[in-house]
Amino acid sequence: MESNDKLEQLLKQMYTQEALHDEDIDTSDIIDEEWVKFEAEHFGDQRSERKGKKLPFHKIAAMFVGLLMLSGIAYATVHIIRSQQTANSRQETVATTNTQRSTLDARPEAKDSALMKPIVYEDAELTTILDDIATFYQVEPVYRNEATKHIRLYFTWDKKQTIDNIIDTFNKFERINITRYDKILIVE
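The sections below set out a description of the structure shown in this document. (Residues numbered from 1 in each chain as written. Predicted model: local features only at pLDDT ≥ 70, side-chain atom pairs only at ≥ 80, totals over all residues. Heavy atoms only, no water.)

1. Examining the packing of helix α7 (residues 126-137) against helix α9 (residues 163-171)
No. 1: Where α7 meets α9, the closest approach of the two axes is 11 Å, and the angle between their N-to-C directions is 165°. Here α7 is positioned roughly antiparallel relative to α9, judged by the angle of their axes. The two elements α7 and α9 meet at a crossing, and its hand is left-handed. Along its contact with α7, which presents Leu 126, Ile 129, Leu 130, Ile 133 and Tyr 137, the element α9 presents Ile 163, Ile 166 and Phe 170.
No. 2: Looking at the contact of α7 with α9 residue by residue, the classes come out as eight nonpolar, no polar and no charged. (Axes fitted to C-alpha atoms, helices over the stretch in contact; angles between N-to-C directions. Helix = DSSP H or I, 4+ residues; strand = E, 2+ residues; numbered from the N terminus. Parallel < 35°, antiparallel > 145°, perpendicular 65-115°, else oblique. Left-handed = near helix turned anticlockwise from the far one by under 90°. Contact = heavy atoms within 4.5 Å. Nonpolar A, V, L, I, M, F, W, Y, C, P; charged D, E, K, R; others polar.)

2. What about the nonpolar core?
No. 1: Ranked by internal contacts, the top residues of the largest apolar core, which has 22 residues, are Ile 129, Ile 133, Phe 155, Phe 170 and Ile 178.
No. 2: With six residues, α7 is the largest single contributor of residues to this core.
No. 3: The contact partners of Phe 170, leaving out residues within four places of it in the chain, are Leu 126, Ile 129, Leu 130, Ile 133, Leu 153, Phe 155, Ile 176 and Ile 178. (Core = buried A, V, L, I, M, F, W, Y, C linked by side-chain atoms within 4.5 Å. Buried < 20%, exposed > 50% of the residue type's maximum accessible area, 1.4 Å probe, protein only.)

3. Brief notes about the sheet that holds strand β4 (residues 178-181)
No. 1: Here three strands make up an open sheet; going across it, the order is β2-β5-β4 and the pairing mixed. The open sheet is flanked by β2 (140-143) and β4, the only strands paired with a single partner. Between one strand axis and the next, the sheet turns by 25° as a mean value, whatever way the strands run.
No. 2: α7 contacts β2, β4 and β5 (184-187) of the sheet and is inclined by roughly 150° relative to β2.
No. 3: The sheet contacts of α9 involve β4 and β5, and relative to β4 the element is tilted by about 155°. (Pairing = 2+ DSSP bridges.)

Structure below.
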């Protein structure tokens, strides 16, 4: 209360004629003191405590680590979303390709394509014919007799047939006997 009285006195002096012409009145100390009291009453000690103080190192470090964590989470989220989009587009591509293949297989002209047309061998050696067939069906011919390799035939190979049907056809010839054991063709 004493400071309020001083302030009132000061204000009275300032407004009087005498105060206007008197140069010896020093108001800065009183105003500063009153401002500090006003600040303490209305804002508490928070502002006066924070003035001139720096943040401690551990608080700065905690803010930096938090910022790094948020950046990492954002990066991971973007990476996961992009990888899922890529996986989805690959699945769509595979599904489209499979659909196209099944559509091609269902068409009658796909079965008559150049790849599935019969191959005609005229006066060809048995090794030439069997090597082509073995490559197509992924089997390996093994010859027990060297003379059998050089037997010459006229043969029409229909790729739509199974390997067992083709072996049966070859076994109808008198000088050829073929036996299949898994992926090996034994030619006698």
